[in-house]
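Take a look at the letters that make up each chain.
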Amino acid sequence: MTVMTALVTGAGRPAGLGFAVARLLAELGYHVILTARDGSAAARLAEQLRQYGHAATALRLDLADRASMDAVADHLTRTFGHLDVLINNASSMPDFRTLSALDADMDAVRSALEVGAIGPWALTQSVLPLLSAAPAARVVNVSSLAAQQVATGLDLGAPMRSPAYSMAKYMLNALTTVLARALADTPILVNAVDPGNTATHPERVDETDRPAADSARDIVRAATLGADGPTGGLFSNGRRVV
């Protein structure tokens, strides 16, 4: 029997969305591969899943290092030979308090783009042979409606908040449609999901934030679409936004 496999990036924090997604996929019977720049942190969470009887592996993955991505792809090739689900969840929000693009720190912009847009693009390239080897792979890019600040353009009624993060998510949305088009003649579906405001950082939780487990369900829904499912879309609260 072929093992269903799912790789989740940014899965190194117990309260994080990546771990919540990995846990739900594990409960559905997937062998989840938790990845994070801190490999030991991902390893602790993978061990936690195994203690509950789930199949889980941890690998170090740095989205700013192509060699790291290729090493992960090589490991998956030797171990499984295919990849059913890729969740591009990792992101960087280095400018949470920046209220205008005019005040943006360019180092923060480069960091956000590297992790939030360029990294997922490069990782998808690295694991594409594995996705192609699966019967019907799914790629889910975890986005944010913060990107709509960029899409709004001149109609934006206020300065753009968190410009580096917002630009990275805008690029990720564009990448989603580009990849979906490039893979249109294959069984691979590529979609983006905005999980909404999620309680993943205890130091900045708002009372309106959703629990990580609730937000994770939207992502897992996109990761388990049937053959007639959509591709190239941005979804929020189960509805297509773009």
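Keep in mind the model is a prediction, meaning the values are calculated, not measured. (Residues numbered from 1 in each chain as written. Predicted model: local features only at pLDDT ≥ 70, side-chain atom pairs only at ≥ 80, totals over all residues. Heavy atoms only, no water.)

**Student:** Outline the overall build of the protein, supporting the account with residue identities and numerical values.
**Tutor:** What the protein contains, in helices and strands, is seven helices and eight strands. In the protein, once contacts between residues fewer than 6 apart in sequence are set aside, the share between residues at least 24 apart is 74%. Summing over all exposed atoms, the protein offers an accessible surface of approximately 11600 Å²; the carbon and sulfur share of this is 54%. (Helix = DSSP H or I, 4+ residues; strand = E, 2+ residues; numbered from the N terminus. Contact = heavy atoms within 4.5 Å. Areas by Shrake-Rupley, 256 points an atom, 1.4 Å probe, with all protein chains shown as cover.)

**Student:** An account of the packing of aromatic side chains is needed here, citing residue identities and associated values.
**Tutor:** Under the counting rule described, the total for this entry stands at zero aromatic pairs. The ring of Phe19 carries the charged tip of Arg23 above its face, separated from the ring centre by 5.0 Å. (Phe/Tyr/Trp six-rings, centres within 6.5 Å; stacked < 30°, edge-to-face > 60°. Lys NZ or Arg CZ within 6 Å of the ring centre and 35° of its normal.)

**Student:** Tell me about the pattern of salt bridges, and please be specific about residues and values.
**Tutor:** For the coordinates displayed, the defined rule picks out six salt bridges. Across the pair Asp62 and Arg60 runs a salt bridge, and its minimum N-O distance is 3.9 Å. Here Arg60 falls in the partly exposed class, since its relative accessible area comes to 47%. (Salt bridge = Lys/Arg side-chain N within 4 Å of Asp/Glu carboxyl O. Buried < 20%, exposed > 50% of the residue type's maximum accessible area, 1.4 Å probe, protein only.)

**Student:** Got a sec to walk through the sheet that holds strand S8 (residues 239-240)? Specific residues and values, please.
**Tutor:** Across the sheet, eight strands lie side by side as S3-S2-S1-S4-S5-S6-S7-S8; this open sheet has mixed pairing. Of all the strands in the sheet, the pair left with one neighbour each is strand S3 (56-60) and S8. Lying over the sheet, helix H4 (residues 106-133) contacts strand S1 (5-8), strand S4 (85-88) and strand S5 (138-142), oriented at roughly 175° with respect to S4. On top of the sheet, helix H6 (residues 163-182) reaches S5, strand S6 (189-194) and strand S7 (234-236); it is set at about 160° to S6, its chief contact. (Pairing = 2+ DSSP bridges. Axes fitted to C-alpha atoms, helices over the stretch in contact; angles between N-to-C directions.)

**Student:** Got a sec to walk through the side chain of Thr124? Specific residues and values, please.
**Tutor:** Checked against the element boundaries, Thr124 lands in helix H4. Its relative accessible area of 6% is what places Thr124 among the buried residues. Within the structure, Thr124 has its side chain in polar contact with the backbone oxygen of Pro120 (distance 2.7 Å). (Polar contact = N/O pair within 3.5 Å; in protein donor to acceptor, adjacent residues only side chain to side chain.)

**Student:** Go over the pairing of S4, please, and point to the residues and values.
**Tutor:** Of the two faces of S4, both are covered, the one formed by Val85 and Ile87 as well as the one formed by Leu86 and Asn88. With three bridges joining them, S1 and S4 adopt parallel strand pairing. In the strand pairing of S4, Ala6 is matched with Val85.

**Student:** Explain helix H3 (residues 66-79) to me, and be specific about the residues and the numbers.
**Tutor:** Here H3 contains 14 residues, and its C-alpha end-to-end distance of 20 Å stays within 8% of the 20 Å for a straight helix at 1.5 Å per residue. Along H3, the residues that are buried comprise Ser68, Met69, Val72, Ala73 and Leu76. Seen along its axis, H3 keeps its buried residues to an arc of 140°; they face one direction. Relative to its buried face, H3 has exposed residues pointing more than 90 degrees away, namely Ala67 and Arg78. Two residues or fewer after H3 comes Gly81, characterised by a positive phi angle close to 80°. (Expected span 1.5 Å × (residues − 1). Arc of directions from axis to C-beta.)

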